Amino acid sequence: MKKVLVTGGAGYIGAHTAVELIAQGFEPIIIDNFSKSDRSLLAGIEKITDKTATFYEGDCADEKFIQMVFEKEKGIKCVMHFAAFKAVGESVRQPLMYYQNNINSLLTVLEAMNKNEVKNIIFSSSCTVYGEPDSIPVDESTPFKKAESPYGATKQMCERILEDQSMADNNLRVISLRYFNPIGAHPTSMLGELPLDVPGNLVPYITQTAAGIRKKLTVFGSDYNTPDGSCVRDYIHIVDLAQAHVAALSKMIDSIDLKSYEVFNLGTGLGVSVLELVNEFIKVTGIQLPFEIGARRSGDVEKTYANPAKAFEKLGWKTKLTYSNALLDAWNWQKKISKING
Ligand code: UFG
């Protein structure tokens, strides 16, 4: 079985990817320090797959810790580097924490890979690298704009570091996956998003409001230049996103037609407004979600959605699930963790 080191594997995207790795016969070696994640997601992976993934608790910016893992787990074929802080607002308030964590962890992982001759890495990037795009849908050749937040800047910097390192080391292969907006939960309701604080993202805020944890949702802005005035995003089901990682890994291991540094957009290609998403949630769940229209949130991009053609052409991957599926799965997950019947 091919070992894959999954940093941040107890997080939302990492845990769903671990499930898909196991389903395709890979052996995820998970590391996490639980700074933004919860142990219960590891139990979720086990329940879905009936397998106990190897797990190490620690920080991947800790050189000694990472080296210990590489020494114990000889033969790692690829690193999937999910571990990072990802809250846009928090990054504006605490930029140093974001630069420290997100940049240092990547540098430490790359150093350790170099030392231990591990030559494949898949990196969690984000559509945030594009900023407010001049035209949509966005394809991978769209030039970066100045990042809207320190979080976005760390993703741009990490991509640059990876590209430079891939040029310096002829044997290194890198794939950066630029996620659009991942939402939803595993259809079994054994895994899902578990924000440790008040959710900053739309869908966990919606499901927590529906569960009665929050009073009402505020839709940030209704005066954007979009059909209904609210922002437009490309919402991708978390299981589709997780499967894209396995498609990228398989291609990376087996094929020679990828360049040493490749980037792929991961999205559906469909732009959906905040109000459309809210109304779809009401429709699929039958819950009258309390919401109000509020002021714009600073730093928000008006509209963006992916051109995901390259991922289909080169990885043979495209989304299979819809945002309606994702909303229902997210709600089922919320009901489970909030112990709501029905
Ligand atoms: N929104 C609301 N009310 C809320 C929360 C969000 O109206 O309570 C709106 C936002 O204004 C935005 C949309 O819902 O228009 C989506 O917001 P999210 O916070 O869910 O997602 P973002 O598009 O802001 O951010 C996401 C990821 C980031 C990533 C970014 C790239 O969370 O990690 O996409 O644009 F960097």
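Numbering of residues starts from 1 in every chain and runs along the sequence as written. The model is predicted, so local features are restricted to residues of pLDDT at least 70 and side-chain atom pairs to those at 80 or more, both for listing and for counting; the totals for chains, interfaces and linings are taken over all residues. Only hydrogens and water are removed before side-chain values are computed, so all heavy atoms of the structure are retained for them.

**Q** Would you mind going over the overall build of the protein with me for this structure?
**A** The helix count covers DSSP runs of H or I at least four residues long, the strand count covers runs of E at least two residues long, and both are numbered beginning at the N terminus. Helix and strand counts for the protein come out as 11 helices and 13 strands. Against the 2.2 N^0.38 benchmark of 20 Å for 342 residues, the protein shows a C-alpha radius of gyration of 19 Å, consistent with a compact globule. For the protein, the C-alpha atoms occupy an extent of roughly 55 × 45 × 40 Å along the three principal directions. Accessible area is worked out with a 1.4 Å probe on protein chains only. A residue is then buried under 20% of its type maximum, exposed over 50%, and partly exposed in between. Taken across its 342 residues, the protein has 54% of its residues classed as buried. Contacts were defined at the residue level, with two residues in contact if any of their heavy atoms lie within 4.5 Å. Considering only intrachain contacts with a sequence separation of at least 6, the fraction spanning at least 24 residues in the protein is 80%. Total accessible area computed for the protein in this model is approximately 15100 Å², and 50% of it derives from carbon and sulfur atoms. Charge assignment in this entry is limited to Lys and Arg as positive and Asp and Glu as negative, and neither His nor the chain termini are counted. Where a charge lies is defined by one atom per residue type, namely NZ (Lys), CZ (Arg), CG (Asp) and CD (Glu). Computed over 37 positive and 40 negative side-chain charges, the separation of the two mean positions in the protein equals 2 Å. Each radius of gyration reported is based on C-alpha atoms, and the globular scaling rule is 2.2 Å times the count of residues to the power 0.38. The Shrake-Rupley method, run with a 1.4 Å probe sphere, supplies the accessible areas, and residue values consider only the shown protein chains as cover.

**Q** Honestly, the site of the ligand in this entry has me stumped. Any pointers?
**A** Lining the immediate environment of the ligand, one finds 20 residues, of which Asn201, Thr218, Arg233, Arg297 and Asp300 sit closest. Whenever two N or O atoms come within 3.5 Å, that pair is a polar contact, provided that in protein one can donate a hydrogen and the other can accept it, and provided that, for residues adjacent in sequence, both atoms are side-chain atoms. Backbone polar atom of phenylalanine 220 to an oxygen atom of the ligand: 2.8 Å apart, as the coordinates give it. The contact in question runs from an oxygen atom of the ligand to an N or O atom on the side chain of arginine 233, over 2.6 Å. Of all the secondary-structure elements, those providing two or more residues to the shell around the ligand are helix H7 (202-210) and strand E8 (217-220). Considering every element that reaches the shell around the ligand, the biggest residue donor is E8, with 4 residues. Residues are sorted three ways: Asp, Glu, Lys and Arg are charged, Ala, Val, Leu, Ile, Met, Phe, Trp, Tyr, Cys and Pro are nonpolar, and all the rest, Gly among them, are polar. By residue class, the composition of the shell around the ligand is 10 nonpolar, 6 polar and 4 charged. We call a residue near a molecule or strand as soon as one heavy atom of that residue lies within 4 Å of the molecule or strand.

**Q** Is there a simple way to think about the packing of aromatic side chains in this case?
**A** Aromatic ring pairs are defined here through the distance separating the ring centres and the angle between the ring planes. Geometry of aromatic contacts follows a simple scheme: Phe, Tyr and Trp rings, the Trp one being its six-membered ring, pair when their centres are within 6.5 Å, and the pair is stacked under 30 degrees between planes, edge-to-face over 60, tilted otherwise. Following the criterion strictly, the structure yields 4 aromatic pairs and no others. Seen from their ring centres, phenylalanine 281 and tryptophan 331 are 6.0 Å apart, and the 80° between their planes marks the pair as edge-to-face. Of this pair, phenylalanine 281 sits in helix H9 (residues 274-285) while tryptophan 331 is found in helix H11 (residues 323-337), placing the two residues 50 residues apart along the sequence. Criterion for a charge above a ring: Arg CZ or Lys NZ at most 6 Å from the ring centre, at most 35 degrees from the ring normal. The aromatic ring of phenylalanine 264 is capped on one face by lysine 310, whose charged end is 4.6 Å from the ring centroid.

**Q** Help me understand the nonpolar core, please; the structure alone is not making it clear to me.
**A** As a rule of thumb, soluble globular proteins bury nonpolar side chains together. Grouped together as the largest cluster of nonpolar side chains are 42 residues, with contacts concentrated most on Ile45, Ile122 and Leu266. It is helix H8 (residues 238-254) that provides the largest number of residues to this core, a total of 9 residues. Once you skip the residues sitting within four places of it in the chain, isoleucine 45 turns out to touch Gly9, Ala15, Ala18, Val19, Ile22, Ile30, Asp50, Lys51 and Leu191. Only buried residues count toward a nonpolar core, which is a set of Ala, Val, Leu, Ile, Met, Phe, Trp, Tyr and Cys residues joined through side-chain atoms within 4.5 Å.

**Q** I tried to follow the pairing of strand E5 (residues 120-126) on my own but got confused; where do I start?
**A** For a regular strand, side-chain orientation follows a simple rule: the groups alternate between the two sheet faces. Burial of E5 is extensive: 7 of the 7 residues sit out of reach of the surface. Here E5 shows no split at all, with Asn120, Ile122, Ser124 and Ser126 on one side and Ile121, Phe123 and Ser125 on the other all buried. Any two strands with at least two DSSP-identified bridges between them are counted as paired. Both strand E4 (residues 76-81) and E5 contribute to a ladder of 3 bridges, which runs parallel. Bridged to histidine 81 within E5 is phenylalanine 123. When the strands point away from the viewer, a crossover counts as right-handed if the path from the first strand over the helix to the second runs clockwise. Taking the sense of rotation as the criterion, the β-α-β connection linking E5, helix H6 (residues 150-168) and strand E6 (residues 173-179) turns out right-handed.

**Q** What am I meant to see in the sheet that holds strand E3 (residues 54-57) here?
**A** Pairing between the strands of a sheet comes from backbone hydrogen bonds, and it takes one of two forms, parallel or antiparallel. Across the sheet, 7 strands lie side by side as E3-E2-E1-E4-E5-E6-E11; this open sheet has parallel pairing. Across the chains shown, the open sheet's two edge strands, defined by having one partner strand only, are E3 and strand E11 (261-266). This sheet shows a mean twist of 20° between the axes of neighbouring strands, independent of strand direction. Across 6 bridges, strand E1 (residues 2-7) lies against strand E2 (residues 26-32) in parallel orientation. Of the residues in E2, the one forming a bridge with lysine 2 is phenylalanine 26. Geometry is summarised by axes, namely lines fitted to C-alpha atoms with helices restricted to the contacting stretch, and by angles between N-to-C directions that run from 0 to 180 degrees. The sheet strands contacting helix H1 (residues 12-23) are E1, E2, E4 and E6, and the helix crosses E2 at an angle near 160°. The strands that H6 touches are E5, E6 and E11; relative to E5, the one it contacts most, it runs at about 155°.

**Q** How should I be thinking about the pattern of salt bridges in this particular structure?
**A** Pairing between side chains of opposite charge can happen when their charged atoms approach one another. A pair is scored as a salt bridge if a Lys or Arg side-chain nitrogen falls within 4 Å of a carboxyl oxygen belonging to Asp or Glu. One pass over the structure, following the stated rule, counts 16 salt bridges. Among the charged side chains, a salt-bridge network with shared partners connects Arg233, Arg297 and Asp300.

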